[in-house]
Amino acid sequence: MTRHCLLILLLSTCALPLLAQQSPFALGLEVQAYPTGLIPGIRLDYHLNPHHSVHARAGYNWVRHGDNGVQDDEQGQGYGGTLGYRYFFRPEHARWFVGGRADLWGNELDWQDLGPNGVLLATGTTRITVFQPTAEAGYRFLLAGGHVYLAPALAFGLEINVKTEGEPVGEGTILLLGLSAGWQF
């Protein structure tokens, strides 16, 4: 029993320098909210050097355009992903950053058109492929000795329906408030 404890202690001590070294990767969760929807996702960051970072995200997009779209009521969802870049003004991927990202979403929206007095005139489903380029700015907090991060961000861009199967639905400018949190490994 004592030998096992000593062996575990020895291996743990040898592993400490490896744990102290930070990998260029970070894995986390991200959520972005916009006036007509919500996008949760899983994100992976790769730090190219102390000021530059690229990231990828896989996510789900809940769309609730309501009457802000082309039709009187548009609601739906879809899967998609993101490729992005961030520049950090301070080294070690901390504090203020600016960046750009490009999202691609495959959404399916159910819609309806209403006439006078709320009379239902038409309903349908539209499948769209959305390209969403955005510019972002934010602040990245490093916690737990730099192993945990929390990063609120604000993004502005465009929703462009590059492929539409069905009646037209909403697209245009978009403002997103985001929060990502994760672990630097």
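See the structure printed just above.
Okay, so let's go over this structure. Please read all numbers here as calculations on a predicted model, not as lab measurements.

Of note, H55 is situated in strand 3 (residues 52-66). Within the local environment of H55, its side chain forms a polar contact with the side chain of R43, the two groups lying 3.2 Å apart. Setting aside anything within four residues of it in sequence, one finds H55 in contact with R43, L44, D45, T82, L83, G84, Y85, R86, R101 and E136.

Below, the discussion takes up the packing of aromatic side chains. Inspection of the entire model under this criterion finds nine aromatic pairs. Here the aromatic rings of W96 and Y139 are separated by 4.9 Å at their centres, their planes lie at 80°, and the arrangement is edge-to-face. Linking W96 in strand 5 (residues 94-114) with Y139 in strand 6 (residues 120-143), this pair joins segments that are 43 residues apart in sequence. Note on W183 and F185: the rings are 5.4 Å apart at their centroids and 25° apart in plane angle, and the pair reads as stacked. For W183, a relative accessible area of 48% translates into the label partly exposed. For F185, a relative accessible area of 33% gives the class partly exposed. The lysine or arginine in question, R140, covers the ring of Y149, its NZ or CZ lying 4.2 Å from the ring centre.

Calculation notes
Residues numbered from 1 in each chain as written. Predicted model: local features only at pLDDT ≥ 70, side-chain atom pairs only at ≥ 80, totals over all residues. Heavy atoms only, no water. Helix = DSSP H or I, 4+ residues; strand = E, 2+ residues; numbered from the N terminus. Polar contact = N/O pair within 3.5 Å; in protein donor to acceptor, adjacent residues only side chain to side chain. Contact = heavy atoms within 4.5 Å. Phe/Tyr/Trp six-rings, centres within 6.5 Å; stacked < 30°, edge-to-face > 60°. Buried < 20%, exposed > 50% of the residue type's maximum accessible area, 1.4 Å probe, protein only. Lys NZ or Arg CZ within 6 Å of the ring centre and 35° of its normal.

Everything listed is a geometric property; what it means functionally is a separate question.
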